[in-house]
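Analysis of the macromolecular model
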Amino acid sequence: MREWRALVFTDLVDSTAWAERIGDEHAARLWARHDDEARRLLRLHNGQEVDRTDGFFVLFEDVGEAAAFVVAYHRLAASLGLAARAAVHFAAVMLRRNAPQHVRGGAKPMEVDGIAKPIAARVMALAPAGRTLFTSEAAGELREVLAEGHRLHNQGHYRLKGVVDPLELFELAGPMAAGAPPPDTDKAYRVLRVGEFWRPLREVRHNLVRERDEFVGRQVELRSLAERLESGARLVTVLGPGGIGKTRLVLRYAAAWLGDWPGGVYICDLSEARSLEGIHFAVAYSLGVPLGKDDAGVQLQHVIAARGRCLVVLDNFEQVQAHAEVTVARWLDGAPEAMFVVTSRAVLHVAGETVFALEPLELGGDAVALFEARAKALEPSFAITDANRAQIARIVQLLDGLPLAVELAAARIRVLSPTQIIERIKDRFSLLSGTGRPAARQATLQAAIDWSWSLLSPSERAALAQCSVFDGGFTLRAAEAVLDLMEHEGASPVVDVVHSLLDKSLLHAWTPRTSGRLDIAEPFFGMYLSIHEYAKQKLAAYGDLAKQSADARHGEYFAKFGSDEAQASLLGQEGVRYRRALALELDNLVTASERAIARHDPQIAAKAFLGAWAVFETQGPFNAAAALGGSVMSLEDLTPHHRALVGLATSSALRTLGRIEEAQALLADALKVARQSVNLLDEPLALHQLAVVIQRYGDPAQAYSRFEAALALYEQLDDRAHQGVLLADLANLQMEQGQTAEARVSYERALSLHREVGNPAAGAVALGNLGTLLHELGHHQEARLAYEQALAIHREAGNRLQEAITLCNMGILSSQRGDADLAASHYRDSLAIHREIGNRRGEGVVLGTMGKLYHELAQHEQAREHYQRALLIHREIGNQRFEAGVEANLAMLSTLQGDLASAMSSLERSEQLARQVKALLTLAAVLCMKGEVLVKQGEVEAARAVMAEAERLADELGAQPGSEIHRDIDDLRKLLSA
């Protein structure tokens, strides 16, 4: 009886050679693991094993299950360091079971008979490594959308040996990840329909030549180009700067998809063409036709039309772009079945054109693979190893993944080590030349860019040179402020020149990716590093005055981001959006400040730094902020206003880094200078920051005094935005001192003011701190909601510092609610951010909370290690309140391990610190721990006394019955009653 089944064949590629390399014993273990995991996948997807050799022959009743199995199977093979190929066919087969005695003798339990089996096996043999082919019958049954975006890509028709009719094959792959159609083999070759006959692909007319070296990567781009043409785009311009690999990509496409063009594929090299006649001659030569005396363009139009469905590739079109309308545009209209692919450094600007902008190679994969392939071709012993992998990755990053530059760098591997190549990249045009390549416009990196430069107008050259003063990207508004093209007669507006440089692939554009309602749609422009370096050299060639003037205009433009008006907007309705915009300009802001320092322009240096600080204070890195702020402070002639503001910012950065003495000295100086400033806001800002510092590292009473003084000045100025920030900071002090009712009132007043002035970023900080208060008082559900709302705003605003703080708080809450995995995840994410931005205080806090989690999980060694690392940081930066908490946790750990003497020693240090900084909640918790140790030491009355003090503190704090401190007291009470 015939039954319909999905037949799946898999095969491990080069498994014999692999086994020889690793040895029989290792191979046996590997195959056993492979078989176990593959059979687990079979059970998961309801497959039935029929046979097993280097792969599997499997049956499924459902093609969707078969597809899910092969996706998972490829992932399994890759995880084992193997590569597999697979095929799926759907057909009616005869299932025949062998007799039990034959099975006992070694026969398979079941045989599958019918032509479907050899068809599936041969399709599998055609599949390249890592890929899966479907027959049209299987593809027709696959109607469900597969997980992870997998879908079917048509790869054309193939004739299989012994099978009468050609089979249409499809590849199952992720989005845009399918490769070129499989190459012909001895038993299968690609065919295409011409009239009523199927013709082998190899008979298609073309003028392609065999590739000289290995083609590396670009699989996504190849498939994307194929899909553009398959979807009906008749003129595709592959656009990109010199050396990016446009020609190589198109030639590879033409060879791989030759079967799609029964009329032929014709590569027309226009690199030597400079005129209309030059285009005609090159195209005629490629088509293999002589030109007559009549209109050459019309003659070529007729020839192309007569070829039917054909592909004409016009390679290197940028220098003859002016003739696009009378050549490719005319032929497009006159040859309706023909399609055209143009490679160019400039857009053609003709009707019907589809632009396919080619980007550099992906840095982590294709670019490194290209370097390895080209280096190995010259030095066979070269290989990428753990020892040089980081250097190779750095090389391709510095070269932007530009294929020509990567190949030229790889050519140096015979005389330079990877480290030496990195050292010499600063002189990239010397490094990437003289490697024995022929003298031509693509022989060196500089020659490739020279060719593009030669095609520019004088004003375009001046603009490109001046664009080199930008560090990273720039907006059109920045370009219009910085570029000066007035001396060039007939120069177009800057917007037109920027657009032209973009069209000519000397600039590239992108729209910053942000989230939600904060999308910043304004496009940014930039240059690849090699083009940027080239433009810098050209600007220098214009003379010192031109360079100095461009730098000065750049500084003046970016200094505006640090003006008083700009700083005030950070606390207003558009504050979040504005801070995100500043983050996109950070490189330019830092560069503007550094250049102003170098030319001793103190006010520009200060304002550019203050613009950068608006980013640094939420995202770090704080070491860079402290260094730049210190350099600005070293300038003479800073106004008192700017000296005060830069001093406050630099002090904050130093404090975050744990450099407390430097921070406090700078803060004291900033307060003194602020009182001399004509700007009335400077003094309360300094008092406010001083209060925060004293709160953390000094006398709480003095901190209250400073807060009150600053608040009075803010009120006199009617500065409600800063009042809101101060009230939230004051509430933190009140919470630490156990004044929970007062703290809640202050938080809520702060939130009200933030809503009034429209400052969601500052409101989120207050909300997160309120969440901590609610958490400590036992209102866990309210605390969780406050944390989640605050975290969403911090992420939307790009505030990495507050994101890390909130994640840590969420981890503490998750841990106390019994979800250790979620807590650990929050802690890891928080710690990574603190380290990334250089926040030593935050790093110490998170290490301590991670220690407590390990402690609760009874992983005592990890707990002690994290506690000790946290203590080192807290002592280094003088954070006594958190030091007290970690000492208490160490005491708990020592108690569990039976070391009561060490526990009591830690508790006494903790109690002393908590009393010193008046951290009453911490003190109450420490007293409960101390009571537990006293009970175990037999000192019951002393334990009752400390419990009484803890109860009194809890009452004063207004702690709720379910709060953590009440749980600690209840635990001690039970211990005393036992």
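The rules behind these values
Residues numbered from 1 in each chain as written. Predicted model: local features only at pLDDT ≥ 70, side-chain atom pairs only at ≥ 80, totals over all residues. Heavy atoms only, no water. Helix = DSSP H or I, 4+ residues; strand = E, 2+ residues; numbered from the N terminus. Buried < 20%, exposed > 50% of the residue type's maximum accessible area, 1.4 Å probe, protein only. Contact = heavy atoms within 4.5 Å. Areas by Shrake-Rupley, 256 points an atom, 1.4 Å probe, with all protein chains shown as cover. Phe/Tyr/Trp six-rings, centres within 6.5 Å; stacked < 30°, edge-to-face > 60°. Lys NZ or Arg CZ within 6 Å of the ring centre and 35° of its normal. Expected span 1.5 Å × (residues − 1). pLDDT = per-residue confidence, 0-100. Arc of directions from axis to C-beta. Core = buried A, V, L, I, M, F, W, Y, C linked by side-chain atoms within 4.5 Å. Pairing = 2+ DSSP bridges. Axes fitted to C-alpha atoms, helices over the stretch in contact; angles between N-to-C directions. Parallel < 35°, antiparallel > 145°, perpendicular 65-115°, else oblique. Left-handed = near helix turned anticlockwise from the far one by under 90°. Nonpolar A, V, L, I, M, F, W, Y, C, P; charged D, E, K, R; others polar. Salt bridge = Lys/Arg side-chain N within 4 Å of Asp/Glu carboxyl O.

This brings us to the overall build of the chain. On a plain count of helices and strands, the chain comes out with 44 helices and 17 strands. For the chain, the spread of C-alpha atoms along the three principal axes comes to 105 × 95 × 55 Å. Taken across its 978 residues, the chain has 55% of its residues classed as buried. For the chain, long-range pairs separated by at least 24 residues make up 67% of all intrachain contacts whose partners lie at least 6 apart in sequence. If you sum the accessible surface of the chain, you get close to 42500 Å²; carbon and sulfur atoms cover 51% of it.

What follows covers the packing of aromatic side chains. Two aromatic rings, taken as a pair, are described by how far apart their centres are and by the angle between their planes. The full count for this structure, using the stated rule, is 15 aromatic pairs. Three or more aromatic residues joined by ring pairs form one cluster here, namely Phe 470, Phe 474, Phe 525, Tyr 557, Phe 558 and Phe 561. Directly above the aromatic system of Trp 261 lies the positively charged group of Arg 309, at a separation of 4.2 Å from the ring centroid.

With that settled, consider helix H26 (residues 602-619). For H26, with 18 residues, the first-to-last C-alpha span of 25 Å sits near the 26 Å given by 1.5 Å per residue. Across the 18 residues that make up H26, a large majority, 14, are buried. Positive backbone phi, at 70°, marks Gly 620, one or two positions downstream of H26.

The predicted model of the chain has a mean per-residue pLDDT of 86, with 94% of residues at 70 or higher. Within the model, pLDDT remains below 50 along residues 514-519, and this stretch shows 15 contacts once partners closer than five positions in the same chain are excluded.

Right, let's talk about the environment of His 860 for a bit. Position of His 860 among the secondary structure elements: in helix H39 (residues 860-877). With relative accessibility at 23%, the residue His 860 sits in the partly exposed group. C-alpha of His 860 to C-alpha of Ser 894: the two residues are 34 residues apart in sequence and 9.5 Å apart in space.

Attention now moves to helix H13 (residues 389-398). Residues of H13 that are buried: Ile 392, Ile 395, Val 396 and Leu 398. Along the long axis of H13, the arc covered by the buried residues comes to 165°, so they all point the same way. The secondary structure elements touched by the buried residues of H13 are helix H12 (363-378), helix H14 (403-410), helix H15 (418-424), helix H16 (428-431) and helix H21 (529-541). Immediately downstream of H13, the backbone of Asp 400 shows phi near 60°, a positive value.

Now for the nonpolar core. By size, the foremost hydrophobic cluster in this structure holds 184 residues, and its most contacted members are Val 238, Tyr 253, Phe 371 and Ile 421. The greatest single-element share of this core, amounting to 11 residues, is contributed by H26. Those residues in contact with Val 238 that sit more than four places away from it in its chain are Leu 225, Lys 246, Leu 249, Val 250, Val 341, Val 342, Thr 343, Ser 344, Phe 356 and Leu 358. Counting 34 residues, the second-largest nonpolar core is a separate cluster that includes Val 71, Tyr 73, Leu 80 and Ala 139.

This part is about the pairing of strand S12 (residues 265-269). Among the 5 residues of S12, 4 are classified as buried, and the element is accordingly described as predominantly covered. Relative to strand S13 (residues 311-315), S12 runs parallel, the two sharing 5 bridges. Note that in S13 the partner of Ile 267 across the bridge is Val 313.

Here we come to the sheet that holds strand S15 (residues 353-357). Reading across the sheet, the 5 strands line up as S12-S13-S14-S11-S15 and stay open at both edges, with parallel pairing between neighbours. What marks the edges here is a single partner per strand, and that holds for S12 and S15. For this sheet the average axis-to-axis angle between neighbouring strands, irrespective of direction, equals 20°. Note: strand S11 (residues 235-239) against strand S14 (residues 339-344), 5 bridges, orientation parallel. Residue pairing across strands places Leu 235 opposite Phe 340, the latter belonging to S14. Each of S11, S14 and S15 touches helix H7 (residues 219-230); the most contacted strand, S15, lies at about 175° to it. Against the sheet, helix H8 (residues 246-256) touches S11, S12, S13, S14 and S15, its axis set at about 155° to S14.

Viewed as axis vectors pointing N to C, helix H25 (residues 586-598) and H26 meet at an angle of 150°, and their least axial separation amounts to 8 Å. With respect to each other, H25 and H26 are oriented roughly antiparallel. When you trace H25 past H26, the crossing you get is left-handed. For the pair H25 and H26, contact is made by Leu 586, Leu 589, Val 590, Ala 592, Ser 593, Ala 596 and Ile 597 and by Ile 604, Ala 605, Ala 608, Phe 609, Gly 611, Ala 612, Val 615 and Phe 616, respectively. Per-class residue counts for the contact of H25 with H26 are 13 nonpolar, 2 polar and no charged.

Bringing the packing of H12 against H13 into the picture now. Taken N-terminus to C-terminus, the directions of H12 and H13 make an angle of 100°; their axes are 9 Å apart at the nearest point. Taken together, the axes of H12 and H13 lie roughly perpendicular to each other. Along its contact with H12, which presents Leu 363, Ala 367, Val 368 and Phe 371, the element H13 presents Ile 392, Ala 393, Ile 395, Val 396 and Gln 397. A per-class count over the contact of H12 with H13 returns 8 nonpolar, 1 polar and no charged.

Okay, the pattern of salt bridges next. Oppositely charged side chains can form a pair if their charged atoms are brought close together. Per the stated rule, a full pass over the model turns up 46 salt bridges. For Asp 551, the salt bridge is made with Lys 547, and the minimal N-O distance between the two is 2.5 Å. In this pair, Asp 551 and Lys 547 are both assigned in helix H22 (residues 544-559), 4 residues apart and thus about one turn of the helix distant. Accessibility expressed as a relative area gives 11% for Asp 551, which makes it buried. For Lys 547, a relative accessible area of 31% puts it in the partly exposed group. One salt bridge in this structure joins Glu 876 and Arg 840, with 2.6 Å as the shortest N-O distance. Of this pair, Glu 876 sits in helix H39 while Arg 840 sits in helix H38 (residues 840-856), and the two are 36 residues apart along the sequence. According to the relative accessible area criterion, Glu 876 is partly exposed, its value standing at 42%. Shared partners join several salt bridges into a network, and the residues in it are Glu 211, Asp 213, Arg 248, Arg 252, Arg 374 and Glu 407.

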